[in-house]
Amino acid sequence: MAEDNIKLMQGNEACAYGALAAGVTFFGGYPITPSTEIAEILSREMPKNGGRFIQMEDEIASMAAIIGASVAGAKSMTATSGPGFSLMQENLGYAYMTEVPCVVVDVQRGGPSTGLPTKVAQADTMQAKWGTHGDFFPIVLAASTIEDTYHMTIKAFNLAEKYRTPVTLLLDEVLGHMREKIRIPDSSEVEIVNRIKPTVPPEWYQHFELTATHVSPMANYGEGYRFHMTGLTHDPSGFPTAKPAEIKEKLDKLKSKIMQNADDICAYSEEFLDDAHIVVIAYGITARAAQQAVRIARQRRFKVGLFQPITIWPFPEKRLRKILENADLAIVAELNQGQLIHEVRKIAKTKTRVVGTFRYDGELMTPMQIVDKIKEAHR
Amino acid sequence: MSTASTIVYNYLRSKKKFPHVWCPGCGIGIVMGALLRSMADLEIDKNNVVMVSGIGCTGRMPVYCDFNTLHTTHGRAIAFATGVKIAKPNMKVIAVVGDGDGLAIGGNHFIHAARRNIDITTILVNNRIYGMTGGQYSPTTPWQKIGSTAPHGNVEHPFDICDLAKGSGATYFARGTVYHATQLQVLIKAALQKKGFSVVECISNCHTLYGRLNREGSAVKMIQWMKENAINAKVAEKKSPEEIEGKILTGELWNIERPEYTEQYERLIERLGGKPPAEEKPEEKEEAVTQ
Ligand code: SF4
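This one's a predicted model, so the numbers in the text were calculated from it and none came from an experiment.

Undergrad: How should the overall build of chain A be read in this particular structure?
TA: From N to C terminus, chain A includes 13 helices and 15 strands. Its C-alpha radius of gyration of 21 Å places chain A within 12% of the 21 Å reference for a compact globule of 379 residues. Its C-alpha atoms put chain A at 70 × 50 × 50 Å along the principal axes. With 379 residues in all, chain A has 62% of them scored as buried. Partitioning the intrachain contacts of chain A with sequence separation of at least 6 by distance along the chain shows that 76% fall at a separation of at least 24. Carbon and sulfur atoms form 51% of the exposed surface of chain A, whose accessible area is close to 14500 Å². A distance of 5 Å separates the average location of the 42 positive side-chain charges in chain A from that of its 45 negative side-chain charges.

Undergrad: Quick question: what am I supposed to make of the packing of aromatic side chains here?
TA: Describing an aromatic ring pair means giving the distance of the ring centres and the angle of the ring planes. Residue and element names in this part refer to chain B. Scanning the entire structure with this criterion turns up 13 aromatic pairs over all chains. Note on Phe-18 and Tyr-64: the rings are 5.1 Å apart at their centroids and 35° apart in plane angle, and the pair reads as tilted. A residue pair is termed long-range when its members are at least 10 positions apart, and Phe-18 in the loop between helix 1 (4-11) and helix 2 (28-42) and Tyr-64 in helix 3 (residues 61-64) qualify at 46 residues. A residue is classified by how much of its surface remains accessible, and Phe-18, at 37% relative accessible area, is partly exposed.

Undergrad: Even after reading the chapter, I still don't get the environment of Asp135(A), so can you show me in this structure?
TA: Tracing the backbone shows Asp135(A) in the loop between helix 5 (127-130) and strand 6 (139-142). In sequence terms Asp135(A) and Leu254(A) are 119 residues apart; their C-alpha atoms lie 9.4 Å from each other.

Undergrad: Which parts of the structure should I look at to understand the interface of chain B and chain A?
TA: A common way to state how big an interface is: give the accessible area lost once the parts meet. Taken residue by residue, the interface counts 45 residues in chain B and 41 residues in chain A. Roughly 3400 Å² of surface becomes buried between chain B and chain A when both sides are summed, with 56% attributable to carbon and sulfur atoms. Considering only the surface of chain B that becomes buried against chain A, His71(B), Phe80(B) and Tyr265(B) emerge as the three largest contributors, covering 15% of it. Run the count over chain B and chain A and you get three salt bridges. Of the charged contacts, one joins Glu57(A) and Arg116(B) as a salt bridge, the two residues approaching to 2.8 Å between their closest N and O atoms. Counting residues per element, the ones that place at least two in the side of chain B that touches chain A are helix 3, strand 2 (68-71), helix 4 (77-87), helix 6 (107-116) and helix 13 (261-271) of chain B.

Undergrad: Whenever I open this one, the sheet that holds strand 1 (residues 49-53) of chain B confuses me. Can you help?
TA: Hydrogen bonds between backbone atoms are what pair the strands of a sheet, whose relative direction is either parallel or antiparallel. With mixed pairing, nine strands are arranged side by side in an open sheet as 9(A)-2(B)-1(B)-3(B)-4(B)-8(B)-7(B)-10(B)-9(B). A single partner strand is all that each edge strand has here, and the edge strands are strand 9 (228-230) of chain A together with strand 9 (230-232) of chain B. Between one strand and the next, the sheet's axes are offset by a mean angle of 20°, whatever the strand orientation. Both strand 1 of chain B and strand 3 (residues 92-98) of chain B contribute to a ladder of five bridges, which runs parallel. Bridge assignment links Val50(B) to a residue of strand 3 of chain B, and that residue is Val93(B).

Undergrad: Which parts of the structure should I look at to understand the site of the ligand?
TA: Every residue close to the ligand is listed here: Trp22(B), Cys23(B), Cys26(B), Cys57(B), Asn127(B), Cys206(B), His207(B), Thr208(B) and Leu209(B). Of the residues that constitute the shell around the ligand, the class distribution is six nonpolar, three polar and no charged.

Undergrad: I'm lost on the pattern of salt bridges in this one. Help?
TA: Counting across every chain of the model gives 36 salt bridges over all chains. The closest approach of N and O atoms between Lys119(A) and Glu363(A), which form a salt bridge, is 3.3 Å. Of the two residues, Lys119(A) sits in the loop between strand 5 (102-108) and helix 5 while Glu363(A) sits in the loop between strand 15 (353-358) and helix 13 (367-377), which places them 244 residues apart along the sequence. By relative accessible area, which is 37% here, Glu363(A) ends up partly exposed. Across the pair Arg175(B) and Asp160(B) runs a salt bridge whose closest N-O atoms are separated by 3.9 Å. Here Asp160(B) lies in the loop between strand 6 (136-137) and helix 7 (161-168) and Arg175(B) lies in strand 7 (residues 172-177), a separation of 15 residues in the sequence. The exposure class of Arg175(B) is buried, given its relative accessible area of 11%.

Undergrad: Which parts of the structure should I look at to understand helix 10 (residues 219-229) of chain B?
TA: Think of an α-helix as 3.6 residues a turn; residues three or four steps apart then line up on the same face. Residues and elements named next belong to chain B. Within helix 10, burial applies to Ala-219, Met-222, Ile-223, Met-226 and Asn-229. For helix 10, the angular spread of buried residues about the axis comes to 135°, placing them on one side. Facing away from the buried side of helix 10, by more than 90 degrees, are the exposed residues Val-220 and Lys-221.

Undergrad: For this particular structure, what's the right way to read the domain arrangement of chain B?
TA: Residue and element names in this part refer to chain B. When its domains are assigned, chain B resolves into domain 1 (4-258) and domain 2 (260-291). The gap between the C-alpha centroids of domain 1 and domain 2 is 31 Å. Listed as interface residues are 13 residues of domain 1 and, on the opposing side, eight residues of domain 2. Summed over both sides, the interface of domain 1 with domain 2 buries roughly 860 Å², with 62% coming from carbon and sulfur. Together, Pro-89, Asn-90 and Lys-195 form the three largest contributors to the area buried by domain 1 at its contact with domain 2, with a combined 45%. Taken together, domain 1 and domain 2 are joined by zero salt bridges. For the pair domain 1 and domain 2, the interface holds three residue pairs in polar contact (both at pLDDT 80 or more). Counting residues per element, the side of domain 1 that touches domain 2 draws most heavily on helix 4, which supplies three residues.

Rules of the game
- Residues numbered from 1 in each chain as written.
- Chains lettered and ligands numbered in written order.
- Predicted model: local features only at pLDDT ≥ 70, side-chain atom pairs only at ≥ 80, totals over all residues.
- Heavy atoms only, no water.
- Helix = DSSP H or I, 4+ residues; strand = E, 2+ residues; numbered from the N terminus.
- Rg over C-alpha atoms; globule rule 2.2 N^0.38 Å.
- Buried < 20%, exposed > 50% of the residue type's maximum accessible area, 1.4 Å probe, protein only.
- Contact = heavy atoms within 4.5 Å.
- Areas by Shrake-Rupley, 256 points an atom, 1.4 Å probe, with all protein chains shown as cover.
- Lys, Arg positive; Asp, Glu negative; His and termini not counted.
- Charge placed at Lys NZ, Arg CZ, Asp CG, Glu CD.
- Phe/Tyr/Trp six-rings, centres within 6.5 Å; stacked < 30°, edge-to-face > 60°.
- Buried area = accessible area lost by both parts, 1.4 Å probe.
- Salt bridge = Lys/Arg side-chain N within 4 Å of Asp/Glu carboxyl O.
- Pairing = 2+ DSSP bridges.
- Axes fitted to C-alpha atoms, helices over the stretch in contact; angles between N-to-C directions.
- Near = heavy atom within 4 Å.
- Nonpolar A, V, L, I, M, F, W, Y, C, P; charged D, E, K, R; others polar.
- Arc of directions from axis to C-beta.
- Domains from an automatic or database assignment.
- Polar contact = N/O pair within 3.5 Å; in protein donor to acceptor, adjacent residues only side chain to side chain.

Structure follows, in structure tokens:
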């Protein structure tokens, strides 16, 4: 066995190398703190592997370019932060509507507006779900360690390809900039998923064919299929429709593709939940404070466990609902004024009290803030 | 030369797409015809063509054309086209935009694509108004003309698209009108053959809105006006400034050589020892090496 490839890496670096491991061939982006290192590294590394990097004129164009590249067969991505993520929303909706695989990394910083460019936050949790107009069922992942960031970036590409949809990866300023030990896996250990290709001749091809899994095989431009794509509501062949039945069919397809496959898409991690009456729920960097908090509280004989969503959207509600059946108290810890807590409230039964502990002053949450909340709320 | 019926058969989509959305007499169809005839002249393999558009009356053109087609968001056609072209540098990428779509909301993408000199042929249909939304003034509506949002006369000044393209770095610019359909075909053909960011401004009529609001008459009258007021740039050279005042200069107005973006990037990949992209055919790889 080859010796382990251990490195000390920054989160943004791990994201860039994760993308390379996933087989990224096109990056279009625009500089923004705290995500810029991802673009810098890829501008250096991608052409060495035959990939193409371009710095676009803004984030609107970046999102447009990665969609165009993906339809032409590239594995494409962009990286940004809150303000840029806002600018990407229109074309993110386009990618969703036209079912184009691509990856958007949002290294979150404090908001609203220009907010806190160099400080941590998790305030784009809901933007990632509701940022674009119209009904939207996105796949959104979150990493909590540097090693996670590497693997989540690969997972984001794989899910995008598998489900023919844009996937957002949420990081944050601290994760993006801090350094940690990471084991880089051998390429043989990395699972790569590619979009399903059509097997029918071009005359039979429908770019949005209805299938049992709701995922349509995808031809790329230049492969002889000559299909049409539009952000207008379209029929399975891709051409605009105004027929109520076809409109409903399209929107149902988009929703079902994600929600009926939620068991496959949803990921989470759990700790000490077997006998827990108190469940702490936290994602991303905050999950690390929560993990520490749960361990401290356990020593103090609180029956407390941790539930960490890895896919934020779709929210792993089936699993959490089961966990909360035995819980009297759920504590949601987030670096915002309370966003994910609404999802927990939605699924908790009356028996389970849901409280939040938030921090939004640009600093990380400490384990003690969560421990104090456990003590205070547990009565 | 292909006949009209073979062009219709080869390049238009048959099923379910017609009748088109345009008003009877609209010039956009003439632009589409000129574009398809120039493609037929060049015998371009339609599997190798990507036609990208934004939103507006002009933006509907790709639906009818049997290429790889991408109808995108308002103003973003050139940005999407940039991604397509970089991912597949050997494909012929055409962006079809309107004046509002391409120069107002999409103005930033237009100038930056020109600056990069990326090999995209931009067909800019200029009817001086937002047609689809009902006649609002656009960045090419002349001073004092009427739009539904300039009911008292436009107090803004229009772009000179040629100057904008030149100043931004485009390597080819031509202007034609929908009256001069044959000339338009020739100009588009030259633009398609140009390696670089090329722009053909097609002066077109929106009689339904611009014509009505400005009392310029029917489609026929507006096209008649183009006939009478267009002057070939070569002819104009020999005339005094007074004689060409208020005229539309047509023909090839700008044609220079400058390194093209994707070619430069391919060379960079080669220089760094990156493998040529998997999609490219072996003989094309050869070409890239010998260049
Ligand atoms: S509104 Fe104007 S530009 Fe649009 S189709 Fe009618 S005539 Fe043409």
